[in-house]
Amino acid sequence: DSDAGYEAYWGRWLSYDQVELDGNVLDASGFHYFAYSDDLTDVNSIAPEVGVLEYGLYDSSNPTDQDGYYGFLQDVYMAIDFATQSITDFNMALYTNNTGNWAVSMTENSVALNGSAVSRFEVSGTVDGVATAAGNVNTAIIGNNADAVIGAYNLSDTVFDYEVIGNFLLKEGLVLPP
């Protein structure tokens, strides 16, 4: 969204094991989708008084499973507490025609930003309420005022050997009521 003072890109690659963003080298094995922006937020410049900012789904790639079947990202929610410099909540729901409904959330209570706009954290949940899902999410906070978050995810399950990958763009304030 170049009108908002930032630009976000995503795409997919066939191989590479690492990506460097904001001076951090991230393990990219298994991540065939990537999200990128030159407009990373200086998280240390966001006043602690801002408190918690909530982000909701604005746009996404189609989730893609191991057989190439597409689906849709139903919802993504993320909360960042700038007073504690941490991601305090992350939930994602998606569907693919081949693998069904996925629902995952952060496995930790919070993920420290450590002064960086770039984070990677683990998620877990279910596939169709039957199988256990697990995976990783890479995110980057973008815009001068932490206006948005871009991310890529890689999920798998423990029963059916399904995998789902994709990207998302979240915008601050785009949160649906419960």
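Above this text you will find the structure in question.
Residues numbered from 1 in each chain as written. Predicted model: local features only at pLDDT ≥ 70, side-chain atom pairs only at ≥ 80, totals over all residues. Heavy atoms only, no water.

Draft legend 1. Structural detail: the overall build of the protein. When helices and strands are tallied, the protein shows zero helices and 14 strands. Starting at the N terminus and walking to the C terminus, you meet the elements of the protein as β-β-β-β-β-β-β-β-β-β-β-β-β-β. Looking at the protein as a whole, 45% of its 178 residues are labelled buried. Taking contacts inside the protein between residues at least 6 apart in sequence as the whole, the part at least 24 apart equals 57%. Per element, the accessible surface of the protein, about 8600 Å² overall, is 45% carbon and sulfur. (Helix = DSSP H or I, 4+ residues; strand = E, 2+ residues; numbered from the N terminus. Buried < 20%, exposed > 50% of the residue type's maximum accessible area, 1.4 Å probe, protein only. Contact = heavy atoms within 4.5 Å. Areas by Shrake-Rupley, 256 points an atom, 1.4 Å probe, with all protein chains shown as cover.)

Draft legend 2. Region of interest: unusual backbone geometry. A positive phi angle is found at Gln 85, which is not glycine, with a value near 55 degrees. Position of Gln 85 relative to the elements: it lies in the loop between β7 (71-81) and β8 (86-96). Judged by its relative accessible area of 19%, Gln 85 is buried. The phi angle at Ala 146 is positive, at roughly 55 degrees, despite the residue not being glycine. Turning to its location among the elements, Ala 146 is positioned in the loop between β12 (131-142) and β13 (148-157). Of the residues examined, Ala 146 reaches a relative accessible area of 0% and is grouped as buried.

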